[in-house]
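Fold and contact review
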Amino acid sequence: MMQATPAMNSAPIAGTYWQWRGHSVYYVRSSDRHPERPPLLLIHGFGASTDHWRKNISGLSKDFEVWAIDLIGFGRSAKPELQYSGDLWRDQLHDFITNIIGRPAVLAGNSLGGYAALCVAAQRPESAAGLILINSAGPFSEPQPAPEAPPLQKAISAVAKTLFQQDWASFLLFQYVRQRSTIRKTLEKVYLDQSAVTDQLVEEIYLPSCDPGAPKVFASVFRTPQGEKIDVLLSQLNCRLLMLWGEGDPWMNSTERSAKFRNHYPELTEHFIKAGHCPHDEVPEQINELIRRWIIDE
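An unreviewed UniProt entry lists the chain under the name 2-hydroxy-6-oxo-6-(2'-aminophenyl)hexa-2, 4-dienoic acid hydrolase, with Microcoleus asticus IPMA8 as the source organism.

As structure tokens, then:
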């Protein structure tokens, strides 16, 4: 069993594989079982992996049984030709909790991983002992009627949508976004603390993109119809919810998005942190302490 290490340890923790629906899924477990506390399952965002949680795994392992998993299509997990969606990852996570962890877990997800975690907690409640969303992604229902876009904007949007249904176009876009230089530039935009954008972090995101199935995963994520709306999922949710917001996230307006979540699930607890889209990696000590207090003290 791996021993707990300081929160800023950058070494990845060795994991193992689980066979799910005939595909290899990579996961990490760190620390022993804590009978008096639920296990904690960490779920990464788009293009990331269990490696993105290394500072949190080491920082939280003293107090919790900590697990992290690579969603199918990402990290070290298999990248088969499937229709990638919240439903797919919901079922993967639910089966993992049922068959491997063996008891309900607190699910903590960043970005896309937050949306997948919400799908589990709302639609497979027997697997969720609590839910932590960190700059969580996912669509809300649009107000009706939706505002009419200008004709030129509508035309450009239609052309772009049609274009990226083409294999060659999505492949070219994938080849651009997977370059190390592009990954670094993207991270520098979404992290407030530039020193957190290390060569190691860039490499951890780059390497899975070299797997043979990665381009088709990328295409599928953008072609698959949007999943269940967040407001619908929140109407089905019946567990404790902690929301952590990196308030400097350029990809989402955390204040506006927070108001939407609170409107549909007012009993949530939330904190705003001086960080970007990935506060768990950028300011891990703060995130670890907020998670620790919420699970143990409240």
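1. Digging into the pairing of strand β2 (residues 23-30)
With five bridges connecting them, strand β1 (residues 16-20) and β2 associate as antiparallel partners. Counterpart to Y17 in the pairing with β2 is Y26. Hairpin connection of β1 to β2: two residues between the antiparallel strands, including R21 at a positive phi of 50°. Here β2 runs beside strand β4 (residues 66-69); their pairing, made up of four bridges, is antiparallel. Among the inter-strand pairings, Y27 is bridged to a residue of β4, identified as I69.

2. Some points on the environment of L60
Position of L60 among the secondary structure elements: in helix α1 (residues 54-60). The spacing of L60 and E289 is 229 residues in sequence and 8.5 Å in space, taken between C-alpha atoms. Apart from the residues within four sequence positions on either side, L60 is in contact with L40, V66, N288, I291 and R292.

3. Let's talk about helix α6 (residues 180-190)
Of the positions making up α6, those classed as buried are T182, I183, L187 and V190. Burial along α6 is one-sided: seen end-on, the buried residues are contained in an arc of 130°. In α6, the exposed positions that point more than 90 degrees away from the buried face belong to K185 and K189.

4. Some thoughts on the pairing of strand β6 (residues 128-134)
In terms of burial, β6 is largely enclosed, as six of its seven residues are buried. Relative to β6, strand β5 (residues 105-110) runs parallel, the two being bridged by six bridges. Each residue of the ladder has a partner; that of G109, found in β6, is L133. A crossover links β5 with its parallel partner β6, the connecting element being helix α3 (residues 112-123), and its sense is right-handed. In terms of strand pairing, β6 meets strand β7 (residues 241-246) through four bridges, oriented parallel. Residue pairing across strands places L133 opposite M243, the latter belonging to β7.

Quick notes on the rules
Residues numbered from 1 in each chain as written. Predicted model: local features only at pLDDT ≥ 70, side-chain atom pairs only at ≥ 80, totals over all residues. Heavy atoms only, no water. Pairing = 2+ DSSP bridges. Helix = DSSP H or I, 4+ residues; strand = E, 2+ residues; numbered from the N terminus. Contact = heavy atoms within 4.5 Å. Buried < 20%, exposed > 50% of the residue type's maximum accessible area, 1.4 Å probe, protein only. Arc of directions from axis to C-beta. Right-handed = clockwise from strand over helix to strand, strands pointing away.

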